Every structure is written in structure tokens, then in C-alpha cells.
Amino acid sequence: MNQDLTVGKPETVLRRFCLPLFGSIIFQQLYNITDSLVAGKFIGENALASVGNSYEVTLIFLAFAFGCNIGCSVIVSQFFGAKEYGSVKTAVSTAFIASAVLCALLMAAGALGCGQLLRLIRTPEEALADSKLYLDIYIWGLPFVFFYNIATGIFSALGDSRTPFLFLAVSSTANIGADILFVTALGMGVDGVAWATFLCQGISCALAVAVVFRRLKRLESPEGFQVFSFPVLQKIAVIAVPSILQQSFISVGNIIIQGVINGFGTGVMAGYSAAVKLNNLVITSFTTLGNGVSNYTAQNIGAQKLPRIKSGFHAALKLVWMLSLPLFLLYFFAGRSVLYLFLDNPTQAALQTGVTFLRLLSPFYFVISTKLVADGVLRGSGLMKQFMAATFIDLILRVVLAVLLSKTPLGATGIWCAWPGGWSVAAVVSLLFYHTGPWQDLQAGRYR
């Protein structure tokens, strides 16, 4: 069901809109978590290291899919808030066509370059073959990843966060069963994990795209629409390109960090792979709630209801802090138990790596969640230079600190210390940009 985010009490509106988004991302992350869980429990520690190593490379492709998602979502939100339904359809059609071209280029680049990239980041020989196999299968599923992300962005732009939640709940549950079936009953290895994800993502993508087009038919647009529009593509690109660059540079930074980690052996790699999946579950949840704030901000800008943005920011902070508390408590005090979900008879190096990582990062979830909410407002209002600046500060600090601290007596623990440092400084920068935005003037009547 489409939802107008420009009316109603902001706290209530955001809670109803964002909570299904949070549920969706939990199930979305189950894809990656299940792959690591099944690999670690049913295949072995080297398989877990291979899947985790490949995951950092897949984040580059996800960066492009996410950028297309948010670019389409923000522009469609603005058109939807302004009740320009013909422009909504034009933006959707344009986004699908442009994303198809981009996806084809990335598939070609991935097929040619992933093997070299795995060697560049010093993937150990015992993990290289499985890492390459996982990535080869993943690349064939890129169209599903792209079109599903576009579809969920459109649902969010229309104020519907419930439909993608239902799709993901079903497909993620099926993915768990398929992973276990392929690996245990059919005797497959890492390739079984990859093919299970491929099939389940394909089904959820097909269903989501079909429902999107059915939903758009219900929007009356007497003025008609264009199948493809360069001016609309330019508007989408203004939001999408910085978002792609942001996520791509983060992915490249993570790959550099992964290369540093790989130098400490497969035990540390396996422990990091398990812990970072748990951490990414949290960060991606915060990011998704930030995306919800972007949709809320964009719709209210389209409707020229600027004073609601500040109220929405404070309401979103309450929401993410309520989420941060139980996650901090779980990871800080029970991280060892959670890690055993991934690790079967783990080495001491793997277990200690995961526990240390979670205990160092989890207290700072309150900090990074604040930054991501502020980023959501900046992105939804089109202030992309400020958004990019805060993101790059975080990335650069984390990469530099990880490389430098890994060479100290702290060793691998020094790498984990880089996250809190980058998050803290970047959060201050994001908040400073937020507090200079035009929404701070409560008497403002329109966006300028």
C-alpha cells in the first residue's frame, strides 16, 4: 500500500514506515549470514574464510545496486510527494533501463577481473579457489541484485515498506533451506551456497518487479509518461552517482582492510568473517533506517513541508537508539555465543578475533547510528557534497588507522580499533552539516 509521508505525526509516520524496512534488512542480511553459517558449520573454517573473503568483493557490486536504488528512490519520492504521477512512471522506467546497462558492464568487468582482485588482496591459496568459485556464480546473479534493489527503492518511495518485507521474509527463509539442502543432502561445497542464494534472489526479484509495475498502473497520470528521459536520468544520477561513489570507496576501503587481515592467516580471516557479518547486519539496519529518513525527507521536500524534516530527524534518532541498545548488549556480553553459530570447533585465533572485534565496535553503535540518520536527511534533501564529505572522512580514517595500527604490537586488534575512530569523527561532521541545513528554521515554509 502506498503511503503519504507528508501527513501525520512524524514519529508515528516514521515508526510505521521504518520498522518494516528494518525487518526487510534483517531478512536481506540472512542471505549473507546463511552463506557464512552453512559454510562454517557444514563445510569448514577454510570455506567460511573463502565466503567472507568473497563478500568484501561483492560489496563493490552492491555499491552500484544500492546507488541505483537510492537515486531512483529519492527522485520518485519527490515526484510522488508533489503528486506528479506521470513523472513517477518516467523515473521508474528510466531507472530500470539505465540500471540494466550498468549491470551488463559490471558483469563483464567482474568476469574478467575478480580473479586478479582476489590475488591482489593476498587471498591465501587454501581459500583462493573457493573464493573465485563463489564470485563467479554471484556475478551471474547480478541482474537479480540490481532489479530487486530498484524495486525496493520504488516501494519505499511510494511509502510502502511492507511489501518488500514480505518478499524478503519468504525468500530468505527459502534460502536457509536451500543452502542446507545443497550442502548437506546434495554434497555440494561453496558452490552449493552460492547457487542457493542465486535461485532465491532470482525468485524474489521477479516477484518484486512484477508487483512494482502492477502498482504503477494504479497511479493515474493523464499527462502520460516517457519510457526514457535524459533529464530525469540526470536528476537520478545527481543522487545515485555520489551514493555509488560513496559505497564503492567504502568497498574498496574494506578490500584494502581485508588485504591487511589476510596477512594474519585463515584463523583471523574466519573470525573476522563471522564477526563482520554480525556487525554488517547492524550497520546495514541503521543504513536502511537512514534510507527511510531519506524517503521521508524527499517526500516532504516535494510537498514543500520543510519544518517536518527536523521533527523527523529527532523521531528517527529515538528509533535507532532503541535499536542500538539491545544490539550492543548482545554483542558485547554474548558475542562469543553468537559467534558459535558460524564456527564449528573454531581455532582459538578465530574465536578470539571475533569476540575482540564485537566488543570493540558494539559500544559505538549509538555513534554510527546517529551519523547514518543525519546522512539520511542530507541525502534526501539533495545535499550530496556534505553527505560525501562525511562518508569519505570515515572511510579514509578507517583505512589509514587499520594499516598503521596493524603494524603496532596490537597486531590484528589494531585493525578493529580503526572503526570507532572513523565513526566518531564522521558522526561529528555529519551532525555539523545537518545543523546548518535550511530545516533548522522552523518558520521555513518551503525548500530553497
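Below or above, wherever it landed, is the structure these notes cover. Note that the coordinates shown come from a computational prediction; the quantities given were computed from them, not determined experimentally.

**Observations concerning the pattern of salt bridges**
Using the criterion set out here, one finds five salt bridges in the structure. A salt bridge links Glu11 to Lys318; the shortest N-O distance between them is 3.7 Å. Placement of the pair is Glu11 in helix 1 (residues 10–43) and Lys318 in helix 10 (residues 307–339), with a sequence separation of 307 residues. Relative accessible area serves as the criterion here: at 45%, Lys318 is assigned to the partly exposed category. One salt bridge connects Asp136 with Lys132, and the closest N-O pair in it is separated by 2.9 Å. With Asp136 and Lys132 both in helix 4 (residues 125–140) and four residues apart, this pair spans about one turn of that helix.

**Points about helix 10**
Between its terminal C-alpha atoms helix 10 stretches 44 Å, which fits the 48 Å expected from 33 residues at 1.5 Å a residue. Considering bend angle alone, the principal kink of helix 10 is centred on Phe333 and spans about 70°.

**A word on the environment of Pro438**
With respect to the secondary-structure elements, Pro438 resides in the segment after helix 15 (418–434). Each C-alpha atom of the pair Pro438 and Leu306 lies 8.1 Å from the other, and the pair is 132 residues apart in sequence.

**Re unusual backbone geometry**
With a phi close to 60°, Gln304 is a non-glycine residue in the positive phi region. In this structure, Gln304 sits in the loop between helix 9 (266–302) and helix 10. Note on Gln304: relative accessible area 38%, which makes it partly exposed.

**What to know about the packing of helix 9 against helix 12 (residues 365–380)**
Where helix 9 meets helix 12, the closest approach of the two axes is 7 Å, and the angle between their N-to-C directions is 30°. Classified by the angle between their axes, helix 9 and helix 12 sit roughly parallel to one another. Regarding helix 9 and helix 12, the two cross each other, and that crossing is right-handed. Mapping the contact onto sequence places Asn279, Val282, Ile283, Phe286, Thr287, Gly290, Asn291, Val293, Ser294, Thr297, Ala298 and Ile301 in helix 9 and Tyr365, Ile368, Ser369, Leu372, Val373, Gly376, Val377, Arg379 and Gly380 in helix 12. Its residues assigned to classes, the contact of helix 9 with helix 12 shows eleven nonpolar, nine polar and one charged.

Cut-offs and rules
- Residues numbered from 1 in each chain as written.
- Predicted model: local features only at pLDDT ≥ 70, side-chain atom pairs only at ≥ 80, totals over all residues.
- Heavy atoms only, no water.
- Salt bridge = Lys/Arg side-chain N within 4 Å of Asp/Glu carboxyl O.
- Helix = DSSP H or I, 4+ residues; strand = E, 2+ residues; numbered from the N terminus.
- Buried < 20%, exposed > 50% of the residue type's maximum accessible area, 1.4 Å probe, protein only.
- Expected span 1.5 Å × (residues − 1).
- Bend = angle between axes of the 7 residues up to and from the residue.
- Axes fitted to C-alpha atoms, helices over the stretch in contact; angles between N-to-C directions.
- Parallel < 35°, antiparallel > 145°, perpendicular 65-115°, else oblique.
- Left-handed = near helix turned anticlockwise from the far one by under 90°.
- Contact = heavy atoms within 4.5 Å.
- Nonpolar A, V, L, I, M, F, W, Y, C, P; charged D, E, K, R; others polar.

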